[in-house]
Amino acid sequence: MIQVFAIMVIVFVALSIFFIMKIKSTTLKIIKTKELNNEENKLEKNYQFIKGLY
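A quick note: this is a predicted structure, and the numbers were derived from the prediction, not measured. Every chain is numbered on its own, with residues counted from 1 as its sequence reads. The model is predicted, so local features are restricted to residues of pLDDT at least 70 and side-chain atom pairs to those at 80 or more, both for listing and for counting; the totals for chains, interfaces and linings are taken over all residues. Note: side-chain values were computed over all heavy atoms of the structure, leaving out hydrogens and water.

(A) Structural view of the packing of aromatic side chains. Working definition: rings of Phe, Tyr and Trp (its six-membered ring) pair if their centres are within 6.5 Å, and the pair is stacked with planes under 30 degrees apart, edge-to-face with planes over 60 apart, and tilted otherwise. A complete count under the given rule lists one aromatic pair for this structure. Note on Phe-18 and Phe-19: the rings are 5.3 Å apart at their centroids and 65° apart in plane angle, and the pair reads as edge-to-face. Buried residues are those whose accessible area, probed at 1.4 Å on protein chains only, stays under 20% of the maximum for their type, while exposed residues exceed 50% and partly exposed ones sit between those limits. What makes Phe-19 partly exposed here is its relative accessible area of 45%.

(B) Looking closely at a nonpolar patch on the surface. A grouping of Phe-5, Val-9, Phe-12, Val-13, Ile-17 and Met-21 is seen on the molecular surface, where their side chains present a nonpolar patch of about 620 Å² in accessible area. Within the secondary structure, Phe-5 is located in helix H1 (residues 2-37). For patches, a residue must show more than 30% relative accessible area and have no salt bridge; joins then use 9 Å for like charges and 5 Å for nonpolar side chains, namely Val, Leu, Ile, Met, Phe, Trp and Tyr. Here the Shrake-Rupley method, with its probe set to 1.4 Å, supplies the accessible areas, and only the displayed protein chains count as covering residues. Salt bridge criterion: a side-chain nitrogen from Lys or Arg within 4 Å of a carboxyl oxygen from Asp or Glu. Secondary structure elements are defined from DSSP: runs of H or I of at least 4 residues count as helices, runs of E of at least 2 residues count as strands, and each element is numbered from the N terminus.

This is the structure:
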């Protein structure tokens, strides 16, 4: 029973690391395209109030 629990924990950690890396790479792509194109993001105007929350 402990082995099953350990395998489940290992799978969960591996999946979480995978999704964190995927989110990070997507974020870097967005930042790079914004820097290269030098265009304003249309969502930033609509959700500008969110910046003040950080």
